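A structural walkthrough
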Amino acid sequence: MVSPMNAPQQTPRPAQTGSAQTSSAQTGLVQTGLAEPARAGFGAPAPAASPVPEPRMTARNVNLWYGQKQALFEVSLDIPKHQVTALIGPSGCGKSTFLRCLNRMNDTIEGVRMEGDIRLDGRDIYDRSIDVVELRQAVGMVFQKPNPFPKSIYDNIAYGPRIHGLAQDKAELDEIVENSLKGAGLWTEVQDRLDTPGNSLSGGQQQRLCIARAIAVSPEVILMDEPCSALDPIATAHIEELIDALRANFTIAIVTHNMQQAARVSQKTAFFHLGKLIEHDDTEQIFTNPRQSMTQDYITGRFG
Amino acid sequence: MPKEHIVSAYDTDIENLTRQIIEMGGLVEHQLAQCIKALTLRDIDLATRVMDGDDKVDQLEEEIDKAAIRILATRQPMAVDLRLVAMALKISNDLERMADYATNIARRAVSLADTPPVKPLYTIPLMSELAQSMVADVLDAYAQRDTTKAVAAWHRDKQLDEMYTGLFRELVTYMLEDPRNITACIDLMFCAKHLERIGDHACNIAEKIHYMMHGQRINRMPQAAE
């Protein structure tokens, strides 16, 4: 089964926004090979002054309303390939709302209206031709609280590949399960008890199980919404280590309240405040010498 | 500095660290002034007091290290705060080196007090005046977070270097005139070299103040100086 996200390039809807950034989005569109295999080993530390990497996802002039209340204002942001982009900002700043726009999780929320243009590898993800289920296969998500299915460890991982028809037979499915658990750094801990319930694992293991579940369907992008906030420092370190390893094969966007975590795991950081994107730059720049005083006030703990 | 932190104890930590640097700077200024005085007045007692005073400087440096490490561990400073704490560590190191040079000058002052004066000293007091003014200005600049003042002091280093080169030639002439001058001239040469190095450390501090405030280095292009 060919997912529409991986299908050969359809003629994209012409960008409707007249923003100057549109051309770079279009360039990325041409260069981004949709069927390009994940390149392992690409995850070497991104040099600070790296040439602008190709965006995997682009958002342009995104506005969003919850009923009458506007939650996002003209947000334009690129999520570069094989990098970790951290979204930071105080509660209610719109970072999670924006993250959820990237795989249309806001569609399920009553009264949400969105404007703007969000693309994955150049394709408009809000286009009518897009199958949302397939989109969420391509753009997976890991939540704050580990939420394994009330099923065995094996079935937690196998569920996605089964419904997306990614495995021909049991052997192939076994392989996907094993590789996903290995990818999430959980295999050695659970290989002897794949039939035990997923929720019998510790919190940190459950979160890695959710990450394994997310990567089992071979997504392009993994969205993480506060993946460590319910975990102890050791489990957090495991997840951070994992995020760094996953970057070789996936593109990651992470929402975190932990500034040190954002500084450690990401290459790009975007700072949101009251629904606006205030500053977006190399992570090193943001945390050592941000350009905007509002960013500085926030990351140094001066927000009053 | 930007607004206050949400956690006011964090502000207190940073203020205390700044105060410690200023205190150490004040002590170094004093050491420097006294060693020059001992040198020009041929005052062995005073020179000895300068040498004894160095322990206090070292002790302050240790305290600053401790305070900075504690802030790093407890506050995980970011951006301007991070630069401030990191530069406190480096600035205290520069100050400690300056004090060492002051001690060395005091040591030379003791040895010079035993030998007949070579010639009336003109350049050494001029150099020390300039070096002292640079040190005073960078310390003011630090206390006031005034990068303009820091950069102005930084530019004066060139003048100090020129004085040193001039004095070097002058002393060589004296040594050629009469080899009995050599011991004293060598001592003076070291004193001049130490003053020149003190100026360099003052420059380092100016650079660190600039980085601390702006996150960028002072433009090192020589022509940009004027």
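1. Quick look at the overall build of chain A
- Helices and strands together make up the secondary structure of chain A, namely eleven helices and ten strands.
- Every one of the 304 residues in chain A was classed for burial, and the buried ones make up 54%.
- Of the accessible surface of chain A, which amounts to about 13300 Å², a share of 53% is contributed by carbon and sulfur atoms.

2. Remarks on the overall build of chain B
- Assigned secondary structure in chain B consists of seven helices and zero strands.
- Traced from its N-terminal end to its C-terminal end, chain B shows the element sequence α-α-α-α-α-α-α.
- Structurally, chain B occupies a C-alpha span of about 70 × 40 × 20 Å along its principal axes.
- Per-residue burial for chain B yields a buried fraction of 50% across its 226 residues.
- Sequence separation of 24 or more characterises 83% of the internal contacts of chain B that already satisfy a separation of 6 or more.
- For chain B, the exposed area adds up to about 10900 Å²; of that, 54% sits on carbon and sulfur atoms.
- Between the mean site of the 26 positive side-chain charges and the mean site of the 36 negative ones, chain B shows a separation of 3 Å.

3. Re the sheet that holds strand β4 (residues 112–120) of chain A
Residue and element names in this part refer to chain A.
- Judged by pairing direction, the sheet is antiparallel, and its four strands sit side by side in the order β2-β1-β4-β5 without closing on themselves. Two strands in the sheet have a free side with no partner beyond their single neighbour: β2 (69–80) and β5 (123–124).
- Both β4 and β5 contribute to a ladder of two bridges, which runs antiparallel. Residue pairing for β5: Leu120 is matched across the bridge by Arg123.

4. With respect to the state of the cysteines
- Applying the stated criterion across every chain, the model contains zero disulfides over all chains.
- Between Cys101 of chain A, a free cysteine, and Cys93 of chain A, which holds the nearest cysteine sulfur, the sulfur-to-sulfur gap is 13 Å.
- With no disulfide of its own, Cys191 of chain B has Cys35 of chain B as its nearest cysteine by sulfur position, at a separation of 7.8 Å.

5. Some words on the sheet that holds strand β9 (residues 268–273) of chain A
All names here are of chain A.
- Spatial ordering of the open sheet is given by β6-β7-β8-β3-β9-β10, a layout of six strands whose pairing is mixed. Because the sheet does not close on itself, it has two edges, and the strands there are β6 (139–142) and β10 (276–282). The sheet shows a mean angle of 20 degrees between the axes of neighbouring strands, direction not considered.
- Pairing of β6 with strand β7 (residues 221–225), which is carried by four bridges, proceeds in the parallel orientation. Bridge pairing in β7 links Val139 to Val221.
- Along the sheet, helix α7 (residues 203–216) makes contact with β6 and β7, crossing β6 at roughly 170 degrees.

6. A short note on the confidence of the model for chain B
All names here are of chain B.
- Mean pLDDT over chain B works out to 92, with 96% of the residues at or above the 70 mark.
- Ignoring residues within four places in sequence, the model shows residues 221–226, a span with pLDDT below 50, making four contacts including any to other chains.
- With pTM at 0.80, the complex prediction returns an ipTM value of 0.78.

7. A few points about the confidence of the model for chain A
- Per-residue pLDDT for chain A has a mean of 85; in total, 83% of the residues score no lower than 70.
- Mean pLDDT in chain A bottoms out at helix α1 (residues 22–31) of chain A, which sits at 36, and peaks at strand β3 (residues 84–88) of chain A, which reaches 98.

8. So, helix α4 (residues 123–144) of chain B
- Its 22 residues give α4 of chain B an end-to-end C-alpha distance of 31 Å, which sits within 8% of 32 Å, the value for a rise of 1.5 Å per residue.
- Just beyond α4 of chain B, the residue with positive phi is Arg145 of chain B, at close to 55 degrees.

9. Let's talk about the packing of aromatic side chains
All names here are of chain A.
- One pass over the structure, following the stated rule, counts four aromatic pairs over all chains.
- Between Phe149 and Tyr159, the ring centres sit 5.1 Å apart and the planes meet at 65 degrees, which makes this aromatic pair edge-to-face. Pair noted here: Phe149 is in the loop between β6 and α4 (153–163) and Tyr159 is in helix α4, with a separation of ten residues, a long-range link.
- In this arrangement the basic side chain of Arg113 is found over the ring face of Trp65, its NZ or CZ atom lying 4.1 Å from the centre.
- The lysine or arginine in question, Arg213, covers the ring of Phe149, its NZ or CZ lying 4.2 Å from the ring centre.

10. Quick look at the interface of chain B and chain A
- Taken residue by residue, the interface counts 16 residues in chain B and 14 residues in chain A.
- In this assembly, chain B and chain A are joined by two salt bridges.
- Of the charged contacts in the structure, one is a salt bridge between Asp297 of chain A and Lys3 of chain B, with a shortest N-O distance of 2.6 Å.
- For the interface between chain B and chain A, the tally reads twelve residue pairs in polar contact (both at pLDDT 80 or more).
- For the side of chain B that touches chain A, the residue count by class is seven nonpolar, five polar and four charged.

11. Things to note about the pattern of salt bridges
Residue and element names in this part refer to chain A.
- Under the criterion given, the structure shown has 28 salt bridges over all chains.
- Measuring nitrogen to oxygen at the nearest pair gives 2.6 Å for the salt bridge that ties Lys182 to Glu178. Of this pair, Lys182 and Glu178 both sit in helix α5 (residues 170–183), separated by four residues, roughly a single helical turn.
- Classification of Glu178 as partly exposed rests on a relative accessible area of 27%.
- Of the charged contacts in the structure, one is a salt bridge between Lys268 and Asp282, with a shortest N-O distance of 2.6 Å. Taken as a pair, Lys268 in strand β9 and Asp282 in strand β10 lie far apart in primary sequence, 14 residues in all.
- The exposure class assigned to Asp282 is buried, which follows from its relative accessible area of 17%.

What counts, and where the lines are drawn
Residues numbered from 1 in each chain as written. Chains lettered and ligands numbered in written order. Predicted model: local features only at pLDDT ≥ 70, side-chain atom pairs only at ≥ 80, totals over all residues. Heavy atoms only, no water. Helix = DSSP H or I, 4+ residues; strand = E, 2+ residues; numbered from the N terminus. Buried < 20%, exposed > 50% of the residue type's maximum accessible area, 1.4 Å probe, protein only. Areas by Shrake-Rupley, 256 points an atom, 1.4 Å probe, with all protein chains shown as cover. Contact = heavy atoms within 4.5 Å. Lys, Arg positive; Asp, Glu negative; His and termini not counted. Charge placed at Lys NZ, Arg CZ, Asp CG, Glu CD. Pairing = 2+ DSSP bridges. Disulfide = S-S within 2.5 Å. Axes fitted to C-alpha atoms, helices over the stretch in contact; angles between N-to-C directions. pLDDT = per-residue confidence, 0-100. Expected span 1.5 Å × (residues − 1). Phe/Tyr/Trp six-rings, centres within 6.5 Å; stacked < 30°, edge-to-face > 60°. Lys NZ or Arg CZ within 6 Å of the ring centre and 35° of its normal. Salt bridge = Lys/Arg side-chain N within 4 Å of Asp/Glu carboxyl O. Polar contact = N/O pair within 3.5 Å; in protein donor to acceptor, adjacent residues only side chain to side chain. Nonpolar A, V, L, I, M, F, W, Y, C, P; charged D, E, K, R; others polar.

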